[in-house]
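# Tertiary structure, described
If you want the building blocks of each chain, they are given just below.
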Amino acid sequence: MAGEGLPLARTSLLTTPSPRGAAPKTLLPVYYHASSAEDEAEYIVKKIRELTSQNYNYSDIAILYRAHYISRPIEEVFQREEIPYTLNSGVPFFDRAEIKDALSYLRMIAYKDDLSFLRTVNQPKRNVGERRIKALKEFVEANGGTLYEALKLMVGDPLFANTTAQNYIDLIERFSSTYPGRQISEIFSHLMNQSGYELALRTEGSQERLDNLAELKQSIYEYETSCGEECTLENYLAHAALYTNADIANTKNAICLMTIHTAKGLEFPVVIIAGLNENTFPSKKTDTLDAMEEERRLAFVAVTRAQKLLYLTEAEGFSQVSGSRYPSRFIFDIDRPLLNYEVELPKQLIAKTKLYVQESQTKLQKKSELAGLAKGDTVEHGILGRGIVLEIDETAGTYTIQFEKTATPRKMSFKAPLKKAGD
């Protein structure tokens, strides 16, 4: 795998003066394989501490990633360690609309408070709009109580006849009476499913928002793993509240977090590329050989943002977004002597990664071959002659072709010696 594609060699050896004015020295890019996403984030903090002790400023450092959801564990550790940072693309993870919606659903079943109610009652759409919310608020002003209690009392009123407000009430009542003692991640999954919220995101075709939702579930899993006996929904909500609406640095001297696409044209003394895992970078949406080459070019853009120091990081384990984590093929595209491995990769992990990448390349090759023919194309076969492509089965890797010389259609492998017939 080494040396294939990505032309990193010209940027891999960096000669730069020390920030303290010492004699120039040759520095290799550093690669760190973490045991978990949190370990990866903590390693990044450790390196930042070292760099700032060597007279680098926070503003000299940029953390780049392929997808927005990668920022979540980094933001959590930065907030805990009081590392100032800014986001140059997107908004902080826990301030994203879908994260606030999902947490509001969890708060609703635990507390039934008005803020959570207002965020969830019409998300997804239940036809409980401003006019009906106004009626609920007027009822509360006159009679006291909460908006949710008012809805339960008023749901039979003709005002709510053309809504699915009763379904919302049934959902909240069902979960609020059964959540104690259950795993938070289990509650979360069922709640997102039964509320229709996840389906609404899928219907919108918003993969980025779905990825963020999956990353929130990942954070819940990590909380469950680490908190022991205090693993209750209420305690998790208190934990999440620490990161919601957290102060983001308004000083110019702050770490810069951004996607690689946003970083095009920019350079920084120090660049840390995080989340270098298969199905993250390259993206899991990469479905052709041409798209993979575009990912490889994007990787080249990322590493060339570094003026002096370059760090590459990834983590093993399991991700709710991308599944089992393997180191990115782009790491192996760099010749081994040109990269400083801070942690040696286990041989078994290397073998599994190479197998995974090989299988991925085979699938991309098949799809590229598939792209050569389309339904309705006229093709020629050396023995069977001319025919028309009737169906394409990507899973089986076959075309269904009606040849002029045969009475019934024939299934042919993508690898069959077929070519488009001349005009």
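Higher on the page you've got the structure.
Residues numbered from 1 in each chain as written. Predicted model: local features only at pLDDT ≥ 70, side-chain atom pairs only at ≥ 80, totals over all residues. Heavy atoms only, no water.

### What about the packing of aromatic side chains?
Taken as a whole and judged by the stated rule, the model has twelve aromatic pairs. Taking 5.9 Å as the distance between ring centres and 70° as the angle between the ring planes, the aromatic pair formed by F117 and Y168 counts as edge-to-face. Residue F117 is found in helix α5 (residues 114-120), and its partner Y168 is found in helix α8 (residues 165-178); the two are separated by 51 residues along the sequence. Looking at F117, the relative accessible area reads 0%, which means it is buried. (Phe/Tyr/Trp six-rings, centres within 6.5 Å; stacked < 30°, edge-to-face > 60°. Helix = DSSP H or I, 4+ residues; strand = E, 2+ residues; numbered from the N terminus. Buried < 20%, exposed > 50% of the residue type's maximum accessible area, 1.4 Å probe, protein only.)

### So, the sheet that holds strand β6 (residues 255-259)
Strand order in the open sheet formed by seven strands is β5-β6-β4-β7-β8-β3-β11, with parallel pairing between adjacent strands. Looking along the sheet, the strands with just one partner apiece sit at the ends: β5 (85-87) and β11 (340-341). By the bridge criterion, five bridges tie strand β7 (residues 268-273) to strand β8 (residues 306-315) in an arrangement that is parallel. When the sheet's bridge partners are listed, I273 is paired in β8 with L312. Each of β4 (61-65), β5 and β6 is contacted by helix α3 (residues 71-81), which is oriented at about 165° to β6, the strand it contacts most. Seen against the sheet, helix α14 (residues 289-303) touches β4, β7 and β8 and runs at an angle of roughly 125° to β8. (Pairing = 2+ DSSP bridges. Contact = heavy atoms within 4.5 Å. Axes fitted to C-alpha atoms, helices over the stretch in contact; angles between N-to-C directions.)

### Looking at the side chain of E76
As for its position among the elements, E76 is in helix α3. E76 gets classed as buried once you look at its relative accessible area, which sits at 10%. Among all residues touching E76, those that are not within four sequence positions of it are F94, S219 and Y243.

### What to know about the pairing of strand β13 (residues 385-393)
For strand β12 (residues 378-381) and β13, the ladder comprises four bridges, and the chain directions are antiparallel. Bridged to V379 within β13 is G387. Where β12 hands over to β13, the hairpin turn is made up of three residues, counted between the paired strands. The pairing of β13 with strand β14 (residues 398-403) spans six bridges and is antiparallel. Counterpart to V389 in the pairing with β14 is I401.

### Some details on the pattern of salt bridges
As enumerated under the stated definition, the model contains 24 salt bridges in all. The residue R119 makes a salt bridge to D101 at a minimum N-O spacing of 2.7 Å. Of this pair, R119 sits in helix α5 while D101 is found in helix α4 (residues 97-111), placing the two residues 18 residues apart along the sequence. Residue R119 is classed as partly exposed on the basis of its relative accessible area of 32%. Each of R72, E76, E215 and E222 takes part in one network of salt bridges that share partners. (Salt bridge = Lys/Arg side-chain N within 4 Å of Asp/Glu carboxyl O.)

### A short note on the packing of helix α7 (residues 147-154) against α8
At their nearest, the axes of α7 and α8 sit 10 Å apart, and the two run at 125° to each other. Between α7 and α8, the interaxial angle falls into the category oblique. The handedness of the crossing between α7 and α8 is left-handed. Of the residues in α8, those in contact with Y148, L151 and K152 of α7 are A165, Y168, I169, I172 and E173. (Parallel < 35°, antiparallel > 145°, perpendicular 65-115°, else oblique. Left-handed = near helix turned anticlockwise from the far one by under 90°.)

### A word on the packing of helix α11 (residues 207-227) against helix α12 (residues 233-241)
In the contact formed by α11 and α12, the axes pass within 11 Å of each other and the chain directions differ by 120°. For the element pair α11 / α12, the angle class is oblique. Pair α11 / α12 crosses with right-handed handedness. For the pair formed by α11 and α12, the contact residues are L216, S219, I220 and Y223 on the first element and N235, Y236 and H239 on the second. Tallied by class, the residues present in the contact of α11 with α12 amount to four nonpolar, three polar and no charged. (Nonpolar A, V, L, I, M, F, W, Y, C, P; charged D, E, K, R; others polar.)

### What to know about the nonpolar core
Soluble globular proteins tend to pack their nonpolar side chains together in the buried interior. Of all hydrophobic cores here, the largest spans 50 residues; its most connected members are L106, F117, L136, L151, Y168, L216 and Y236. Listed by contribution, the elements that provide at least two residues to this core are α4, α6 (130-143), α7, α8, α9 (184-194), α10 (197-204), α11 and α12. If you tally residues by element for this core, the top one is α4, at eight residues. Beyond its immediate chain neighbours, meaning those up to four positions away, L151 contacts F117, V121, L136, F160, A165, Y168 and I169. With 33 residues, the next largest nonpolar core counts V30, I70, Y85 and I255 among its residues. (Core = buried A, V, L, I, M, F, W, Y, C linked by side-chain atoms within 4.5 Å.)

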